Every structure is written in C-alpha cells, then in structure tokens.
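Per-entry structural report
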Amino acid sequence: MERNQLKYVIEVARHENITHAAEVLHLAQPSLSNQILKLEQELGVSLFERSRKRVYLTEAGKNFVYQAKQILNSMEQLEKDMKDYAARRMGSIQIGALPTMVSLGIPDIITKFRDKYRTLEITLREMGSSKLYQSVQIGELDVAFAILDHDFPDEEIHRIKLMESDLVAVINTANPLSKQKELSINSLKDQHIISSSSDFSFPSFYLTPLHQQNIPYMVSSICNQIESVFALVEKNFGITFCSKETSRHYPSKNIVYIPIRDMPSRKIYLIYKKSPEYHPTLQAFIDFVLKCYDI
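Quick look at the structure, then. Small disclaimer: the values here were computed from a predicted structure and weren't measured.

What counts, and at which threshold
Residues numbered from 1 in each chain as written. Predicted model: local features only at pLDDT ≥ 70, side-chain atom pairs only at ≥ 80, totals over all residues. Heavy atoms only, no water. Core = buried A, V, L, I, M, F, W, Y, C linked by side-chain atoms within 4.5 Å. Buried < 20%, exposed > 50% of the residue type's maximum accessible area, 1.4 Å probe, protein only. Helix = DSSP H or I, 4+ residues; strand = E, 2+ residues; numbered from the N terminus. Contact = heavy atoms within 4.5 Å. Salt bridge = Lys/Arg side-chain N within 4 Å of Asp/Glu carboxyl O.

Another point: the nonpolar core. Counting residues in hydrophobic clusters, the biggest one holds 59 residues, and the most contacted among them are F241, L270, I271 and F285. It is helix 10 (residues 280-292) that contributes the most residues to this core, 7 residues altogether. Discounting chain neighbours no more than four positions away, the residues touching L270 are V143, A144, F145, H158, R159, I160, L162, F285, I286 and V289. Grouped together as the second largest cluster of nonpolar side chains are 19 residues, L6, V9, L39 and F48 included.

Taken as a whole and judged by the stated rule, the model has 14 salt bridges. Notably, a salt bridge pairs D84 with R89, separated by 2.7 Å at the nearest N-O pair. Residues R266 and E245 are paired through a salt bridge, measuring 3.7 Å at the closest nitrogen-oxygen approach. Of this pair, R266 sits in strand 12 (residues 266-272) while E245 sits in helix 9 (residues 244-247), and the two are 21 residues apart along the sequence. Of the residues examined, E245 reaches a relative accessible area of 17% and is grouped as buried. Here the salt bridges share partners, and the residues they tie into one network are K80, D84 and R89.

Within the secondary structure layout, S221 lies in strand 9 (residues 218-222). Apart from residues no more than four positions distant in its own chain, S221 is found in contact with I193, I194, S195, L232 and F237.

Here is the structure:
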C-alpha cells in the first residue's frame, strides 16, 4: 500500500466517479482504475461497488477512507514537524550552568538564544560542575557550562574551552592579609576557608595547591550558594576564592580581592555528549555560544 493509493481512493470516494477523480488527479482514467483494482487485490477486499455511471464505497471502503484521511493528515503533520526541526522552529534543549553564571554572562547568552529561536523549548538547570558533568554523561542535560580541573577520561564528552581566568582571594578588610597587594600560596597558611561541596570542581583549584605544598588550613564552612559565601566573608568568618569576573559582581566595602601567585587559572568549558549533527537544536545552541565567545 502506497501513499498515492490512499489519495486515489479518497478522491474517487469524494467524486463517486473514477473519470472525474482521474481528471482532478491528472491521471488517465484506465491508470487510476488499475491502481484501485491493484489495491483491492492486495487488500483482499472490495473498496467500491461499481455501477455504469457511479461508484460507491463498500463498508470496508468507508473504513478505509476514514483511516486513510487520518494517516495522510498525520503524514502531513509529520512532514511539517520534521521541516520545523530542521529549520530550528521546533525542538527542546536542556542546558546546565554554574551558580556563578551571572558573572560569566550565561543568562544573557541564553536569553539572546531564546529571542532568536522563540518556538524552541529551553530549560535551564543550575548545579556544580561535577553534577553538570554527570548529568551530561547520563543524558539529563544536553549541554552545560562547566569548570573542568583536569582531563576527563570519557572520550564521549565533547569539550570546548570558552574562557580562562585567574583566581583572586576574597578577604575581609579586618584580615591582615587584606593589606597585601598580592598573595603567595604560602601566605594562606592557617587560614579559615569557606568552600563549596564536592558537587563543585572549583574548590580543587585552590585546595589542591595547598595540599601539594603541605600548607595547613581549615575549612570553616561549606556553602554552595555564592551569595552565602560572600556574606560569610563580609562577617570575617573566613576567606574564599573566585575568578576576577565574579569579583566584579560582588563589590563590598568590607571585602578586598587580591591576586594569588602560582594559583592555577579557572577554565570554563561548554560540554555535551550527543552528536550535534543529529540534534539540530543542540547544534544551533553550540554555534550560537561559539559566536558569542568569538570562537
């Protein structure tokens, strides 16, 4: 059974005349008659009761026409949907981002993407880099902005470096370290550090060098909300660390931001697992992000 045969039966049923239907379909009358007969032989049932001037649907024919119309409507909708997917007028994307996404300009990027592709379904989820990586791995997220502190062995995860920035220490003005213009890793000895949980990759950037050089310190608090971290620094509960970009978004008369020598830089990556060539919405988002970062 072919798609054209469905159309032929519907048209003959509409006109109750094979000759008139053939004219509308731009077919020769014998050709149309043969197509209908061939279909009836294939189905093993008559679709039309024939007289000298007219043809009438049989009971089976009425059921055939009813379902054929549904099938053709579904096929037309299917074709439209696939064209919409190809043209980025239809689709969805699950995006993951860091809690520091404001300072990275991520909300602006996602908003501009939404404005360009108004009909796409866009979902944004916020979590730490380790969770972001895991969520991309298992398919909960299509793409994510994440901090990677080392090369992950999973070759299925694609990584594009978007930016790199130096870290600064976030210190209350009452702390003696606040008077220095630049800090060394050694100067962080015995400091109380406000850190985030293991769901985040960022702490490894500043804690690993301390471990490697056997510099004693104490984690005085673990907070995953950056506003809470800075609030604790403002109360001189301890010190923390952030990128230069983040520091610009949290000005405070009680806090200073001091560069640190020999501290590794923070790298932000766009990560995804699916092959973009098979996912037009993901491809559109990746292309859009790379353009925003001039990559």
